[in-house]
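What the coordinates show
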Amino acid sequence: MDRFSFLNAAHLQFFDDLYQQYLENPDVIEPSWRAFFQGFDFANEFIGASGGEEKIAVIEKAINDSADLIHIKKEFKVIQLIHDYRQRGHLFTETNPVRARRKYSPTLDIENYGLRQEDLSKHFEAARELGYSSARSLSDIIRHLRNVYCRSIGVEFMYIRDVERRKWIIDRLNINENLPNFTADEKKYILTKLTEAVAFEAFLNTKFVGQKRFSIEGAESLIPALDMAITHAANLGVREVVMGMAHRGRLNVLSNIFGKTQRDIFSEFEGKEYEDEDFDGDVKYHLGYSTTRVLDSGTQIKMTLSPNPSHLEAVNAVVEGIARARIDYGHEGNASKVLPILIHGDAAIAAQGIVYEVIQMETLEGYRTGGTIHFVINNQVGFTTNYLDARSSTYCTDVAKVILAPVFHVNGDDTEAVVHVAKFATEYRQRFLRDIFIDLLCYRKYGHNEGDEPKFTQPLLYKIIAKHPNPRDIYMKKLKEEGLVDEEFLKQIDANFKAILEMKYDESKKIEKNKITPFLQDDWKDFKKAVLKDFFPSPKTGVSRENLLKVAKALTTLPPDKKFFNKLVRLVEDRRKMVEERNALDWGMAELMAYGTLLLDGIPVRISGEDVERGTFSHRHAVILVEDSEEEIIQLNHIQPGQARFEIYNSPLSEYGVLGFDYGYALARPHHLVIWEAQFGDFANGAQIIIDQFISAAEDKWAVQNGLVMYLPHGYEGQGAEHSSARLERFLQLSAQFNMIVCNLTTPAQLFHMLRRQLAWPFRKPVVLMSPKSLLRHPRVISTLEDLEQGTFMEVIDDPIASKNKEQIKKVVFVSGKLYYELLEERERENHFETALVRIEQLYPLDEDTIYSILQSYSNAEKIVWAQEEPANMGAHWFIRMHLDIPNLQVVCPSASASPASGSHQAAVALQRRIIKKVFSI
């Protein structure tokens, strides 16, 4: 290891400043430093400017040989001591309110640095490193360092590679020795917020004995800290706060930060029915809320708390998506106007992979939100699991080091320190637009919930907690000792808040049925709740020929002054021929035409996912690159002046985090088309929590609509188990109460109209599309301009050939997706024209009336078949049987299988052939 490694950039600047002063006037420099620089100059003359190790050896020898320079050696040791306090001081803090710190070695004792007790009174120029204007005694330096780095606040930041950020933190910490410095009025306000936090929980505990509330007790200092962060952020230019948190402390945050009336919270504890009988709702500590808060300064700040499921960290990605949507379209891309805040639990942040996925998005072009403030409610225990069994890392927040984010560890009992850190974090975020973490060391007063017995698994810890005063009592005692408050003041704020709670409790008794107020209601005020009649028939979504040609022109024109890859030039030329010569658009062209026409309608489009810019199957090419510069060209953004914006982003190799992000984006922008594409359909497996907890259930739980579209490539083409199935059966199993749309389409025009329908409906539903692979370039999978101009989406497509002579049809086969074309080819090859092939394009909601009408029109049909390529325990056959009353319906499909498909291409082809043959042999 380099023995001079402690001479980092900050120290070298200090030496350079001194050296420049020495060069100008040696007499103004302290004698020992003057002697040092004389030796340095001698070394330069003796060895030369490039002397390297030899130069150091000469300097060391000069220092060792001269009694006048012994002090210089100690200056270096003090510099090392300062460096180590900055780097390791967090290991020796007073941050744990109920447990002793673990022991680490070596300690920061001066003896470990070659310094002695008699050195404590000596003055060292190294003190300038701490912001002093002149030398200070070693005892003063150590006192300063302990105050900054080893009291109630521990700081990790020296791993940050950006010198500017690191220096800013150092300078900011040196102010007032990193100790809180609040005015008397501010301290009284902090006490008031603490009182609200404590009294609210005590009131709930009295009125709703034994009910789960996941109280904040033990971490009450979070409330004044959040309040300070939001207020200070507003003073620094923030106009919106988007927050996500799990259930611990959520009710307290809703009441005392967001201002949700306690009347409604108390009424929710009563478990009353909802006004909307079709609404199932969710537990009270999962609900979201939106409000506008007016600060004392008159500044307004919008505040949103996202609803969340019990998957503790799942909401992180959703919050970031909401924040990004607000930044993009509410504040013209100015991230400093929107502040995301995420509140984690210690066990969850250390263990949940979604945390890593989300923080890796911090600076990515398609996902950055200008930095997030992360609060960790560190109870030091999970459900029953001790922190030593919950992680291998030293701290629960060590994931922050992945993005080199600073971490502040703070004692939850020292409320002023917690509020001080919250203010610091806000300033850092606004200054650098980067993430920062606050590890709030506290405890959980009860077990996992108020009915749980924690002593079963944590007997020693909970003996301590049982006797431990809460943060409010600790702070109240401190202010009384300072003479800032007296018993009368304390009684008054207690009485005032308790009176409010009693009044709100009485009001809650008068509420007959609960009503869930949707969060983000201002964004969703123009949308209705859908009922069955709203789905059928689909609205008109055709586009004028003029606009179609305008979009096609943009998509088939390359800048003439730039050089492009030859294959790309041919692809663009082929798209021109599709429109101008063949009038036959393939899947990729129709997809881009849908986006372009929406852009002309003023509707922005966002697509995100793994390799979506080109497309996994090289069919999209929404972004094209100049060959010799890699300049990106997005043709869809050059259709006409004033059009809406098209954005498409290759995502990190993440499904869970990115799908959650795009879901959140769509949540905040209902007037946009937002799409997430899986590279292969099975990749949705990695995002299953978002699908189960948000996409399929959010409207029923939280009265929240969402218009996100999911592309999941699906189709049995011999690509093995992982790349055949998007697990259609799972989405159909989740389908109920018109919660989402599930489609398996067969024509480019159907895709075109489905996408446009998504924005034409007066409501929003998530769409799950079994997106094709082989059909992307299938010669029969084409649509005309007339199909786009005059058509509309068809939930069910009757057989265009069989329908011309229905009386001769003996068999009706219902099918979905690419299997239709394989059956079509077999019918033509073997002349099975007594069979009609009817495509069900939209599986949910199922257009039962149209299906029955088509079926009745084939009056001579003796056999009714559902055919699918998925195994018998998968696919849609069970769903079709459940919803359609067709007594003699026969199913043709592969036998049940543990795996979605064969790993052998030959076996897969043979199996597919057997299915096709069987359809016609029945």
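Residues numbered from 1 in each chain as written. Predicted model: local features only at pLDDT ≥ 70, side-chain atom pairs only at ≥ 80, totals over all residues. Heavy atoms only, no water.

**A closer look at the overall build of the chain**
Helix and strand content of the chain: 31 helices and 24 strands. Viewed in the frame of its principal axes, the chain has a C-alpha envelope of about 110 × 80 × 50 Å. The proportion of buried residues among the 922 residues of the chain is 60%. In the chain, the proportion of contacts linking residues at least 24 apart, taken out of those at least 6 apart, comes to 79%. (Helix = DSSP H or I, 4+ residues; strand = E, 2+ residues; numbered from the N terminus. Buried < 20%, exposed > 50% of the residue type's maximum accessible area, 1.4 Å probe, protein only. Contact = heavy atoms within 4.5 Å.)

**Things to note about the sheet that holds strand β22 (residues 842–844)**
Pairing is mixed across the open sheet formed by seven strands, whose spatial order is β14-β11-β15-β16-β18-β17-β22. At either margin of the open sheet sits one strand with a lone partner, and together these are β14 (646–650) and β22. Taking the axes of each pair of neighbouring strands and ignoring which way they run, one obtains an average angle of 20° across the sheet. Packing of helix α22 (residues 656–668) onto the sheet brings it into contact with β11 (605–609), β14, β15 (673–677) and β16 (709–713), and relative to β15 it is tilted by some 170°. (Pairing = 2+ DSSP bridges. Axes fitted to C-alpha atoms, helices over the stretch in contact; angles between N-to-C directions.)

**Here we look at the sheet that holds strand β8 (residues 373–378)**
What the eight strands build is an open sheet, ordered β3-β9-β10-β8-β7-β4-β6-β5; its pairing is mixed. Looking at the sheet topology across the chains shown, the edges are occupied by β3 (153–156) and β5 (289–294). Taking the axes of each pair of neighbouring strands and ignoring which way they run, one obtains an average angle of 20° across the sheet. Relative to strand β7 (residues 338–345), helix α8 (residues 222–235) is tilted by about 165°, and along the sheet it contacts β4 (240–245), β5, β6 (300–305), β7, β8 and β10 (436–441).

**Points about the packing of helix α16 (residues 471–481) against helix α17 (residues 487–509)**
α17 packs onto α16 with a crossing angle of 145° between their chain directions and a minimal axis gap of 11 Å. Each of R472, M476 and K480 in α16 lies in contact with α17, whose residues at this interface are E487, L490, I493 and D494. In terms of residue class, the contact of α16 with α17 is built from three nonpolar, no polar and four charged. (Nonpolar A, V, L, I, M, F, W, Y, C, P; charged D, E, K, R; others polar.)

**Some points on the pairing of strand β20 (residues 811–815)**
One face of the sheet, then the other: side chains in a regular strand alternate in exactly this way. Burial runs high along β20: five of the five residues are buried. Burial along β20 is two-sided: the face carrying K811, V813 and V815 and the face carrying V812 and F814 are both buried. Two strands pair when backbone bridges link them, and β20 and strand β21 (residues 835–840) are joined in this way by five bridges, in the parallel orientation. In the sheet register, V813 faces β21, and the bridge partner there is L837. Note on the crossover from β20 through helix α28 (residues 819–830) to β21: the handedness is right-handed. Pairing analysis gives four bridges linking β20 to strand β23 (residues 863–867), with the strands arranged parallel. Across the sheet, the residue bridging to F814 is W866, located in β23. (Right-handed = clockwise from strand over helix to strand, strands pointing away.)

**Details of the pattern of salt bridges**
Tallying each qualifying case throughout the model produces 59 salt bridges. Close ionic contact of R727 with E729 constitutes a salt bridge, the shortest N to O distance being 3.4 Å. Accessibility expressed as a relative area gives 9% for E729, which makes it buried. One network of salt bridges, in which partners are shared, links E826, R829, E830, R913 and K917. (Salt bridge = Lys/Arg side-chain N within 4 Å of Asp/Glu carboxyl O.)

**Focus: helix α19 (residues 545–555)**
Regarding α19, the residues found buried are N547, L548, V551, A552, A554 and L555. For α19, the angular spread of the buried residues around the axis is 160°, confining them to a single face. More than 90 degrees from the buried face of α19, the exposed residues found are E546 and K553. Residues of α19 that are buried in the fold lie against α20 (566–582), α21 (587–600), α26 (748–760) and α27 (785–790). (Arc of directions from axis to C-beta.)

**Remarks on the confidence of the model for the chain**
Mean pLDDT over the chain stands at 91; residues scoring 70 or higher make up 94%. Across residues 1–10 the pLDDT falls below 50, and counting only partners more than four positions away or on other chains, this stretch makes 16 contacts in the model. Segment residues 46–51 is flagged for pLDDT under 50; beyond a separation of four residues in sequence, or across chains, it makes seven contacts in the model. (pLDDT = per-residue confidence, 0-100.)

**Some details on the side chain of E177**
By the element assignment, E177 lies in the loop between α6 (163–174) and α7 (184–207). A residue is classified by how much of its surface remains accessible, and E177, at 13% relative accessible area, is buried. Within the local environment of E177, its side chain forms a polar contact with the side chain of N147, the two groups lying 2.6 Å apart. What E177 contacts, discounting residues up to four positions off in sequence, is Y132, R143, H144, N147 and V148. (Polar contact = N/O pair within 3.5 Å; in protein donor to acceptor, adjacent residues only side chain to side chain.)

**A word on the pairing of β14**
Taken across its five residues, β14 has four buried, putting it largely inside the fold. Inspection of the sheet shows β11 paired to β14 by five bridges, in the parallel sense. When the bridges of β14 are listed, I607 appears paired with I648.

**Overview of the environment of D296**
As for its placement among the helices and strands, D296 is situated in the loop between β5 and β6. With a relative accessible area of 86%, D296 lands in the exposed category. For the pair D296 and T231, spaced 65 residues apart in sequence, the C-alpha separation works out to 9.3 Å.

**Remarks on the nonpolar core**
M593 and Y595 are the most contacted members of the largest nonpolar core, which has 165 residues in total. Filtering out sequence-adjacent residues up to four positions away, Y595 remains in contact with V605, I607, L636, F646, L673, I675, Y711 and L755. Residues I169, I170, L173 and L254 belong to the second largest nonpolar core, which totals 88 residues. (Core = buried A, V, L, I, M, F, W, Y, C linked by side-chain atoms within 4.5 Å.)

**Quick word on the packing of aromatic side chains**
A complete count under the given rule lists 28 aromatic pairs for this structure. Centre to centre, the rings of W168 and F424 are 5.5 Å apart; their planes meet at 65°, and the pair counts as edge-to-face. Here W168, found in helix α6, pairs with F424, found in helix α14 (residues 415–432); they are 256 residues apart in sequence, far enough to count as distant. Here the aromatic residues F200, F203, F208, F266, F269 and Y505 are joined through ring pairs into a cluster of three or more. If you follow K188 out to its NZ or CZ, it ends over the ring of F489, 5.8 Å from the centre. A cation sits over an aromatic face here: R606 above Y665, 4.7 Å from the ring centre. (Phe/Tyr/Trp six-rings, centres within 6.5 Å; stacked < 30°, edge-to-face > 60°. Lys NZ or Arg CZ within 6 Å of the ring centre and 35° of its normal.)

**What about the environment of P180?**
When you line up the elements, P180 lands in the loop between α6 and α7. Overall, the relative accessible area of 22% leaves P180 in the partly exposed class. Distance from P180 to V421, taken between C-alpha atoms, is 8.6 Å for residues 241 residues apart in sequence. For P180, the residues in contact, after removing those within four places along its chain, are E416, A417 and H420.

**Here we look at the packing of α7 against α8**
For the pair α7 and α8, the least separation of the axes is 8 Å and the interaxial angle reads 125°. When the interaxial angle is binned, α7 and α8 end up oblique. Here α7 runs over α8; the crossing is right-handed. Where α7 abuts α8, its residues Y189, I190, K193, L194 and A197 lie against I223, P224 and D227. Tallied by class, residues from the contact of α7 with α8 come to six nonpolar, no polar and two charged. (Parallel < 35°, antiparallel > 145°, perpendicular 65-115°, else oblique. Left-handed = near helix turned anticlockwise from the far one by under 90°.)

**Notes on the environment of M754**
Mapped onto the fold, M754 is located in helix α26. For M754, a relative accessible area of 1% corresponds to the buried category. Along the backbone, M754 and F269 are 485 residues apart, and their C-alpha atoms lie at a distance of 42 Å. If we skip the residues at most four places from it in the chain, M754 touches V709, C743, L745, V767, L769 and F793.

**Things to note about unusual backbone geometry**
Here the residue pair S105 and P106 is connected by a cis peptide bond, since its omega of -5° sits within 30 degrees of zero. Of note, P106 is situated in the loop between α4 (70–88) and β1 (123–124). In the segment running from F536 into P537, the intervening peptide bond is cis, with an omega of -5°. Position of P537 among the secondary structure elements: in the loop between α18 (521–524) and α19. One non-glycine residue with positive phi stands out, namely E630, at about 60°. Inspection of the secondary structure puts E630 in the loop between β12 (624–625) and β13 (632–633). Here E630 falls in the exposed class, since its relative accessible area comes to 60%.

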